[in-house]
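Fold and geometry: a report
The residues making up each chain are set out below.
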Amino acid sequence: MANGSSASVVLQAPQAVRQAIQAGIVRVRRNVEQADIASLKDSYGKMQARSENDNRSWIFWAEYHGFNRFDCWHHSGVGSQRFPYDLFLPWHRAYLLYFERVALAANPGAVLPWWDWTSSTSHQVGVPASFSSSQAGDALASGPVPAGLRTNPNRTRRNPGSPSQLPSAPEIQSIIDNPTTFDDFSGQVQGQHDRIHGWTGGDMGVVAASAFDPIFWSHHCMIDRLWYLWQVKHGVDNIPPSYLNRTLAPWSLTVRDVLDVRQLGYTYGASRVRIQANAFNASVLQQTN
């Protein structure tokens, strides 16, 4: 672990969020196509340059998801353990929150962007151009992997499919509109989540290595945004009550703590996939533009 001020970046993250909310600061996570890519690349580059034992480093945070910790939730399980409930969405929301606080500490403009794989641009180019540089070591095109995973190559790789195979906006809109239970929605979203990991290929297609790829974080921002849109339409607390007090290990946050993104200090900018406005959600959507 790093010492001094670097440790406080991680340990004081929830307090920092509360302070930002009290000050009226709510950051907007924007589409990759409108995001501050220069600040993001700068932040990711700084994180990737740090030792994997530094708790501000790229490898330190990516390892929570895969090699060598495997703390992530997928399809009602963590690693080889299976449970009668599924914390995939709340666990990844907490994960993104902590990772983003570290990224912002490296560069205050590095708000995590979301990759809208339903957009017309994505259906033309696939992986966003800003994440596809051919320059060796580009901080958005690839990320370092720990020596314990492999040494050659020592950065992530991709093998994406045809852009025409990406999900369409109407397809994803139907998932937001139709399910009435959290578990139903979570299962359908995880199906699309898996589809994008497989489509991107390479290390993104392997749980052990996927979080080391920079596009992982923008992919999961899209997943989190879909949950946010579903919550606005179907209710922020539309989740089994038995889930609420479950801890999102290895952190102390519970499911209840992460239900409302506005209470976590962020919101999402608008794009093609969004809910139909009604008397309740029209004001919420207005805030996201």
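As a starting point, this report considers the structure included with it.

What counts, and where the lines are drawn
Counting from 1, residues in each chain are numbered in the order their sequence is written. Note on the predicted model: pLDDT of at least 70 is required for a residue's local features to be given, and 80 or more for side-chain atom pairs to be given and counted; whole-chain, interface and lining totals, by contrast, use all residues. Hydrogen atoms and water are omitted, and side-chain values are computed over all heavy atoms in the structure. Between the rings of Phe, Tyr and Trp (Trp by its six-membered ring), a pair exists once the centres lie within 6.5 Å; its type follows the angle of the planes, with under 30 degrees stacked, over 60 edge-to-face, and the other angles tilted. Strands here mean DSSP runs of E at least two residues long; helices mean DSSP runs of H or I at least four residues long; both are numbered from the N terminus. Three labels apply to residues, based on accessible area from a 1.4 Å probe with only protein chains included: buried if under 20% of the type maximum, exposed if over 50%, partly exposed otherwise in between. Note on geometry: a ring has a charge over it if NZ (lysine) or CZ (arginine) is within 6 Å of the ring centre and within 35 degrees of the ring normal. Any helix carries an expected span of 1.5 Å times its number of residues minus one. Axes, fitted as lines to C-alpha atoms, cover a helix only where it is in contact. Angles between the N-to-C directions of the axes lie from 0 to 180 degrees. These descriptions rest on fixed angle ranges, namely under 35 degrees for roughly parallel, over 145 for roughly antiparallel, 65 to 115 for roughly perpendicular, and the rest for oblique. Crossing handedness: left-handed means the near helix sits turned counterclockwise from the far one by under a right angle, and right-handed means the same turn made clockwise. The contact criterion used is simple: two residues touch if any of their non-hydrogen atoms lie within 4.5 Å. All amino acids are sorted into three groups, where Ala, Val, Leu, Ile, Met, Phe, Trp, Tyr, Cys and Pro are nonpolar, Asp, Glu, Lys and Arg are charged, and the leftover types, Gly among them, are polar. Here a polar contact is taken to be a pair of N or O atoms separated by no more than 3.5 Å, where protein atoms must pair a possible hydrogen donor with a possible acceptor and residues adjacent in sequence count only if both atoms sit in side chains. Two strands pair if DSSP finds at least two bridges between them.

In the structure shown here, the tally under the stated rule is 28 aromatic pairs. Ring geometry for W61 and Y98: centres 6.3 Å apart, planes at 15 degrees, overall stacked. Here Y98 lies in helix 5 (residues 88-106) and W61 lies in helix 4 (residues 58-62), a separation of 37 residues in the sequence. Residue W61 shares its accessibility class with Y98, and that shared class is buried. Among the aromatic residues, those joined into a cluster by ring pairs are Y44, W58, F60, W61, Y64, W91, Y95, Y98, F99, F216, W217 and W251. The cationic tip of R29 hangs over the ring face of Y266; the distance from NZ or CZ to the ring centre is 3.7 Å.

Attention shifts here to helix 9 (residues 215-234). Here helix 9 spans 29 Å end to end across 20 residues, near enough to the 28 Å set by a 1.5 Å rise per residue. Among the 20 residues in helix 9, 18 count as buried, and that is most of the element. G235 lies just past helix 9 and shows a positive phi near 115 degrees.

Across the interface, helix 7 (residues 169-177) lies against helix 9 with an axial gap of 9 Å and an inter-helix angle of 45 degrees. Classified by the interaxial angle, the pair formed by helix 7 and helix 9 is oblique. Viewed along their axes, helix 7 and helix 9 form a crossing whose handedness is right-handed. Residues I172, I175, I176 and D177 of helix 7 pack against L226, L229, W230, K233 and H234 of helix 9. Here the residues of the contact of helix 7 with helix 9 sort into six nonpolar, one polar and two charged.

Moving on: the side chain of Q231. Note on placement: Q231 falls in helix 9. Looking at Q231, the relative accessible area reads 3%, which means it is buried. Reaching out from Q231, the side chain makes a polar contact with the backbone oxygen of V236 at a distance of 3.2 Å. Dropping the residues within four chain positions of it, Q231 is found in contact with R93, V236 and L259.

So, on to the sheet that holds strand 4 (residues 81-82). Strand order in the open sheet formed by three strands is 2-3-4, with antiparallel pairing between adjacent strands. Looking at the sheet topology across the chains shown, the edges are occupied by strand 2 (73-74) and strand 4. The sheet contact formed by strand 3 (residues 77-78) and strand 4 spans two bridges and is antiparallel. Note on strand 4: the bridge partner recorded for G77 is R82.

Everything listed here is a matter of coordinates, which is why it stays silent on function.
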